[in-house]
Amino acid sequence: MPMLMPFEAAWAKLVQERVDTAADLVRITKADIESVTGNELRLMAKVDSSADLPEALRQHGYLSCR
């Protein structure tokens, strides 16, 4: 099993490798998340408020949590 990555580093790697920031809609699967980061989906998706959004998403204009 791959080693767990810290939350911010995992999101940065995921955005770099799997997110087309020019696209209006991005689909990322559980398999994408777990293969790139080594983290479980439930750990990566734990964002309770906009303040919890990872910096990698903020840098690309994702500023709110809905």
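The notes below deal with the structure included here.

## Notes on the overall build of the protein
- What the protein contains, in helices and strands, is 4 helices and 0 strands.
- Each helix and strand of the protein, placed in order from N terminus to C terminus, yields the pattern α-α-α-α.
- The long-range share in the protein, meaning contacts at least 24 apart out of those at least 6 apart in sequence, stands at 47%.

## Regarding the environment of A12
- Relative to the assigned elements, A12 resides in helix α1 (residues 7-18).
- Put simply, A12 and T37 are 25 residues apart on the chain and 9.5 Å apart in space, counted from C-alpha to C-alpha.

## Concerning the layout of surface pockets
- The space that makes up the largest pocket amounts to roughly 330 Å³.
- The wall of the largest pocket is formed by 14 residues, among which W11, V19, V26, I28 and L57 lie closest to the centre.
- A per-class count over the lining of the largest pocket returns 12 nonpolar, no polar and 2 charged.

## Overview of helix α2 (residues 30-37)
- Looking only at α2, the buried set comprises D32, I33, V36 and T37. For α2, the buried positions fall inside an angular range of 95° around the axis, keeping them on one side. Relative to its buried face, α2 has exposed residues pointing more than 90 degrees away, namely A31 and S35.
- Among the structural elements, α1 and α3 (41-44) are those in contact with the buried residues of α2.
- Immediately downstream of α2, the backbone of G38 shows phi near 80°, a positive value.

Reading guide: rules and limits
Within every chain, residues take consecutive numbers counted from 1 along the sequence as written. For this predicted model, a pLDDT threshold of at least 70 governs which residues receive local features, and a threshold of 80 or more governs which side-chain atom pairs are given and counted, while totals over whole chains, interfaces and linings are taken from all residues. Each side-chain value is derived from all of the structure's non-hydrogen atoms; neither hydrogens nor water enter the calculation. What counts as a helix is a DSSP run of H or I of at least four residues, what counts as a strand is a run of E of at least two, and both are numbered from the N terminus. Here, residues are in contact when the closest pair of their heavy atoms is within 4.5 Å. Here a cavity is any set of points on a 1 Å grid over the protein atoms alone where a 1.4 Å probe fits but cannot get out, and a pocket is any open set with protein on both sides within 12 Å along at least 5 of 7 lines; a residue lines the site when it has an atom within 4 Å of a point. Grid points are joined across faces, edges and corners, and a volume is the space filled by probe spheres set on the points. When residue character is reported, Ala, Val, Leu, Ile, Met, Phe, Trp, Tyr, Cys and Pro are called nonpolar, Asp, Glu, Lys and Arg charged, and the others, Gly included, polar. Accessible area is worked out with a 1.4 Å probe on protein chains only. A residue is then buried under 20% of its type maximum, exposed over 50%, and partly exposed in between. Throughout, the arc means the angular range of directions from the helix axis out to the C-beta atoms.

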